[in-house]
Amino acid sequence: MTVDKKIIMQTKDLTIRFGGLVAVNNFNMKIEEGELIGIIGPNGAGKTTIFNMITGVYVPTSGSVDLEGKSIVGQHVSHITQKGIARTFQNIRLFKDLSVIDNIKLAAHYRTNYSLFDSIIRNKKFKNEEERIYNEAMEILKIFGLEKKSTLLAKNLPYGEQRRLEIARALATRPKLLLLDEPAAGMNPKETNDLTELIRWVRDHFKISILLIEHDMKLVMNVCERIYVVDHGEEIAMGLPKEIQNNKKVIEAYLGTSDEEAL
Ligand SMILES: Nc1ncnc2c1ncn2[C@@H]1O[C@H](COP(=O)(O)OP(=O)(O)OP(=O)(O)O)[C@@H](O)[C@H]1O
Ligand SMILES: [Mg+2]
């Protein structure tokens, strides 16, 4: 007998309209504790819009998003982060003029418990907390092989490392669910291979769930346990990588576009 795992995040009939366009239509998904799930689909299918609704950037027109069984619809982005959902963006969004470590420390400050007063008088509580945050930030940087670059400005890192730093920053908020929007975009094959390993390792090490959007089919098929396929805002298939690769609707959706990375 298999024991049902806890559901971390679930969407029910998630729908959003922009004027006349239904960008996402009745999208249902369930992610269990520790799962590594993919969302794929042609350009403009609605993948990033799904992330934006899960993280509170957009409020859905209808439908729900539950985190650990409780609705988070309508909550502010920062509340949703505090409750345990972190993300990276399709186009890297770092504080480019801050150092690598400050990017991580800022994210970790979501979890500080000193007051503004403590920070002004710089008392022991403040100093202990700052030290803890520094140590934790360095630990995360080590995992991502960025510890020797901690004082560099984020903008001076090569592209692949900026992408890794963004994942590291998301992890510094200690999420239960990590959303990665095209983490391999712009990476060379070696960087993509390393990233594949890293994603798996992060899931195992931090014991979190990961949902990723990706056009790199090799990465998706290697790393994801289940895959949702969306086209024109709707789920057209869901299943194991093998099932998705052989799904007629999926193949048609890709061949119907100019996407060169068709299955
Ligand atoms: N704020 C918005 N206002 C109007 N239309 C929007 C908005 N955000 C997204 N859309 C539209 O919703 C549709 C889905 O966009 P989305 O960015 O989610 O696609 P995607 O699957 O992430 O594509 P890609 O693979 O190219 O990143 C597109 O037609 C897009 O133009
Ligand atoms: Mg997108």
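Remember, predicted model here, so these are calculated numbers, not experimental data. (Residues numbered from 1 in each chain as written. Chains lettered and ligands numbered in written order. Predicted model: local features only at pLDDT ≥ 70, side-chain atom pairs only at ≥ 80, totals over all residues. Heavy atoms only, no water.)

## Brief notes about the coordination of the magnesium ion (ligand 2)
- Those donors, Thr48 (OG1) and Gln90 (OE1), are the protein atoms that reach the magnesium ion (ligand 2), and they lie 2.0 to 2.2 Å from it. Placement of Thr48 in helix α1 (residues 47-54) and of Gln90 in the loop between β6 (85-87) and α3 (100-108) is noted, with a sequence separation of 42 residues between them.
- A relative accessible area of 23% places Thr48 in the partly exposed class.
- Relative accessible area serves as the criterion here: at 32%, Gln90 is assigned to the partly exposed category. (Donors = N, O, S within 2.8 Å, 3.2 Å for Na, K, Ca; no water. Helix = DSSP H or I, 4+ residues; strand = E, 2+ residues; numbered from the N terminus. Buried < 20%, exposed > 50% of the residue type's maximum accessible area, 1.4 Å probe, protein only.)

## Topic: the domain arrangement of the chain
- Partitioning the chain into domains gives domain 1 (7-97 + 160-255) and domain 2 (99-152).
- Between domain 1 and domain 2, the contact holds 21 residues from the first and 17 residues from the second.
- Both sides of the domain 1 and domain 2 interface together cover about 1700 Å² of buried area, and 69% of this is carbon and sulfur.
- The three residues of domain 1 that bury the most area against domain 2 are Leu165, Ala172 and Arg174, which together make up 29% of that side's buried surface.
- Applying the counting criterion to the domain 1 and domain 2 interface returns two salt bridges.
- For Glu136, the salt bridge is made with Arg174, and the minimal N-O distance between the two is 3.9 Å.
- Linking domain 1 with domain 2 are three residue pairs in polar contact (both at pLDDT 80 or more).
- Secondary-structure elements contributing two or more residues to the side of domain 1 that touches domain 2 are α2 (77-83), α6 (159-171) and α7 (189-206).
- Among the elements that make up the side of domain 1 that touches domain 2, the one with the highest residue count is α6 (seven residues). (Domains from an automatic or database assignment. Contact = heavy atoms within 4.5 Å. Buried area = accessible area lost by both parts, 1.4 Å probe. Salt bridge = Lys/Arg side-chain N within 4 Å of Asp/Glu carboxyl O. Polar contact = N/O pair within 3.5 Å; in protein donor to acceptor, adjacent residues only side chain to side chain.)

## Quick notes on the sheet that holds strand β5 (residues 70-71)
- With antiparallel pairing, four strands are arranged side by side in an open sheet as β2-β1-β4-β5. Strands with a single pairing partner mark the edges of an open sheet, and in this sheet they are β2 (21-32) and β5.
- Two elements, strand β1 (residues 7-18) and β2, share eight bridges in a ladder whose sense is antiparallel. Bridging across to β2, Ile16 finds its partner in Val24. (Pairing = 2+ DSSP bridges.)

## Points about α7
- Along its 18 residues, α7 runs 25 Å from first to last C-alpha, staying within 8% of the 26 Å computed at 1.5 Å per residue.
- Lining the buried residues of α7 we find β3 (36-40), α5 (124-143), α6, β7 (177-181), β8 (209-213) and α8 (217-223).
- For α7, the side-chain oxygen to backbone nitrogen distance between the N-cap and Lys190 is 3.1 Å, and the N-cap itself is Asn188. (Expected span 1.5 Å × (residues − 1).)

## Here we look at the site of ligand 1
- With respect to spatial proximity, 15 residues lie near ligand 1, and among them Gly44, Lys47, Thr48, Thr49 and Gln90 are the closest.
- Protein chains shield 65% of the accessible area of ligand 1, which is 640 Å² for the free molecule.
- Among the secondary structure elements, those contributing two or more residues to the shell around ligand 1 are β2 and α1.
- Residue classes in the shell around ligand 1 are distributed as six nonpolar, seven polar and two charged. (Near = heavy atom within 4 Å. Areas by Shrake-Rupley, 256 points an atom, 1.4 Å probe, with all protein chains shown as cover. Nonpolar A, V, L, I, M, F, W, Y, C, P; charged D, E, K, R; others polar.)

## Examining the packing of α6 against α7
- Look at α6 against α7: their axes get within 12 Å of each other, and the N-to-C directions meet at 10°. Between α6 and α7, the crossing angle belongs to the class labelled roughly parallel. For the pair formed by α6 and α7, the contact residues are Gly160, Arg164, Ile167 and Leu171 on the first element and Glu191, Leu195, Leu198, Val202 and Phe206 on the second.
- Residues of the contact of α6 with α7, tallied by class, amount to six nonpolar, one polar and two charged. (Axes fitted to C-alpha atoms, helices over the stretch in contact; angles between N-to-C directions. Parallel < 35°, antiparallel > 145°, perpendicular 65-115°, else oblique.)

## As for unusual backbone geometry
- In this structure, Glu68 is a non-glycine residue whose phi angle is positive, near 45°.
- Structurally, Glu68 can be placed in the loop between β4 (62-67) and β5.
- The phi dihedral of Glu182 falls on the positive side, at around 50°, and the residue is not glycine.
- Here Glu182 shows up in the loop between β7 and α7.
- What makes Glu182 buried here is its relative accessible area of 10%.

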